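These are the residues of each chain, in order.
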Amino acid sequence: MSTLPDPSAGAEVKAVDRAHVFHSWSAQGLIDPPAVAGAEGAYFWDYDGNRYLDFSSQLVNTNIGHQHPKVVAAIQEQAGRLCTIAPGFAVDVRSEAARLVAGRTPGDLDKIFFTNGGAEAVENAVRMARLHTGRPKLLSAYRSYHGATAAAINLTGDPRRWPSDTASAGVVHFWGPYLYRSPFHATSEEEECARALAHLEDTIVFEGPGTIAAIILESVVGTAGILVPPAGYLAGVRELCDRHGIVFILDEVMSGFGRTGRWFAADHFGVTPDLLTFAKGVNSGYVPLGGVAISAEIAAGFDRRPYPGGLTYSGHPLACASAVATIDAMAEEGIVENADRLGEHILGPGLRALAERHRSVGEVRGMGVFWALELVKDRTTREPLVPYNAAGEAAAPMNAFAAACKKSGLWPFVNMNRTHVVPPCTLTEDEAREGLAILDEALTVADTHTV
């Protein structure tokens, strides 16, 4: 740690926070936010001297780790040269960030519309799809998260949608593939793929193909479970979209920029969408940034008519400078390859070994540095360790597991009955093994809640 413990300073930070900061997704009177003093690499620490191995990458966005010196230096240099400029100007760092992103997206997604984050990227992607097709409806999966803004929260499939669901947003949800809890009673990946595609095709037919502007999917479902699609599924969705003139949007806000061991998760499946949303890992969240990568056909539709959307901070110079430095560092230091290697040789085998030792682990799934352990009460029935959307006492088993992780110096990403293993792409093998050892210990707590 680069700072000495200072509990009194931490207490002051927390007191001011509680007096004035309104936190997202929280009942304000029931939370106790930890006061963070600093961070570096795969670790962050508090004012009491407790250091945590960050197996959450905060919100699965610090792909390059905390305080990467090249990115910090780039932000400092850009601040000294040009802090801000309106989106209507051409500026070197914005152009270079767009060029670097376009050079890594699949196919002809060569035009980049910058936003401040992932939710705004989704908002603009679906707006482009509706304008391109002249159709109103949007299809998205029940197990999904696409953001908290107006259209994005309605597209989202998890319970965070419920308080904001207008029932008039033009969104229709469908079931995506999830073999472990198959809604299609499938017994193999092949069956799950075929039946999920048949279900989606039926949904399209009964909704009316001519009314559907876009289908949006996370290339690998993130917050809702790290669900890797079976071979052929994304290609099958691409074919359905082509057949019916529907825009295919892949949401790579969480899965992009090395998280799955490729620049984009779509690269694993050989599929090119019409629009691709990104954020988070593009610059590890050092400065807010997101965007939409746009196909040549859709971009051409706005050559002679204005695109009716914009943001004051679209392509903000400080954000773009951090993106340029992040992408360059990832390429120079082999960070994407490191994520792939960790998944293949350390995290994947290590997590599967934990599953063999702990009866609370029902399934292990993932790739790169993007994994989930699904925790269950009973492996035979696959009953989740806690109920869907559990809160309060019903969530106690998962809370106890998370507390055990934190007590031993690991910060987990816990959602419902799962713990997601999503460390920075820069994680070392020793750090990965340290995290696995802490998970091994914490899972003994989860085991006490099984039958």
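Above this text sits the structure in question.
Residues numbered from 1 in each chain as written. Predicted model: local features only at pLDDT ≥ 70, side-chain atom pairs only at ≥ 80, totals over all residues. Heavy atoms only, no water.

### Quick notes on the side chain of Ser-56
What counts, and what does not: Secondary structure elements are taken from DSSP: a helix is a run of H or I of four residues or more, a strand is a run of E of two residues or more, and numbering for both begins at the N terminus. By the convention used here, residues are in contact when the closest approach between their heavy atoms is within 4.5 Å.
Here Ser-56 shows up in the loop between strand E3 (51-54) and helix H2 (57-60). Residues contacting Ser-56, with those up to four places away along its chain left out, are Trp-411, Pro-412, Phe-413 and Val-422.

### Quick notes on the environment of Glu-40
Stated formally: When accessible area is computed with a 1.4 Å probe and restricted to protein chains, residues below 20% of their type maximum are described as buried, those above 50% as exposed, and intermediate ones as partly exposed.
Within the element layout of this structure, Glu-40 appears in strand E1 (residues 36-40). In this structure Glu-40 comes out as exposed when scored by relative accessible area, which is 52%. Spatially, the C-alpha atoms of Glu-40 and His-66 are 4.6 Å apart, while their sequence positions differ by 26 residues. Excluding residues that lie within four positions of it along the chain, Glu-40 makes contacts with Trp-45, His-66 and Gln-67.

### Quick word on the packing of helix H4 (residues 92-102) against helix H10 (residues 317-332)
To keep it simple, the criterion reads: Axis lines are fitted through C-alpha atoms, for helices just across the contact stretch, and the angle between N-to-C directions can take any value from 0 to 180 degrees. Comment on the angle field: the value is read as roughly parallel under 35 degrees, roughly antiparallel over 145, roughly perpendicular from 65 to 115, and oblique elsewhere. Note on convention: near helix rotated counterclockwise from far helix by under a right angle means a left-handed crossing. Clockwise means right-handed. Residue classes follow a fixed rule: Ala, Val, Leu, Ile, Met, Phe, Trp, Tyr, Cys and Pro count as nonpolar, while Asp, Glu, Lys and Arg count as charged, and any other residue, Gly among them, counts as polar.
Axis separation between H4 and H10 bottoms out at 8 Å; the angle between their running directions is 40°. In terms of their interaxial angle, H4 and H10 are classed as oblique. Between H4 and H10 the crossing geometry is left-handed. Contacts between H4 and H10 involve Val-93, Arg-94, Glu-96, Ala-97, Leu-100 and Val-101 from the first element and Pro-317, Cys-320, Ala-321, Ala-323, Val-324, Ile-327 and Asp-328 from the second. Classifying every residue of the contact of H4 with H10 gives 10 nonpolar, no polar and three charged.

### Quick word on H4
Residues that lie three or four places apart on an α-helix share one face, since the helix turns once every 3.6 residues. Along H4, the positions that sit buried rather than exposed are Val-93, Arg-94, Ala-97, Ala-98, Leu-100, Val-101 and Ala-102. Buried residues along H4 sit in contact with helix H3 (69-81), strand E4 (111-115), strand E9 (275-278) and H10.

### Details of the pairing of E3
For clarity, the cut-off: Note: two strands are recorded as paired if DSSP finds a minimum of 2 bridges between them.
Alignment of strand E2 (residues 43-46) against E3, held across three bridges, turns out to be antiparallel. In the strand pairing of E3, Phe-44 is matched with Tyr-52. Across two bridges, the pairing between E3 and strand E14 (residues 410-411) is parallel. Each residue of the ladder has a partner; that of Leu-53, found in E14, is Leu-410.

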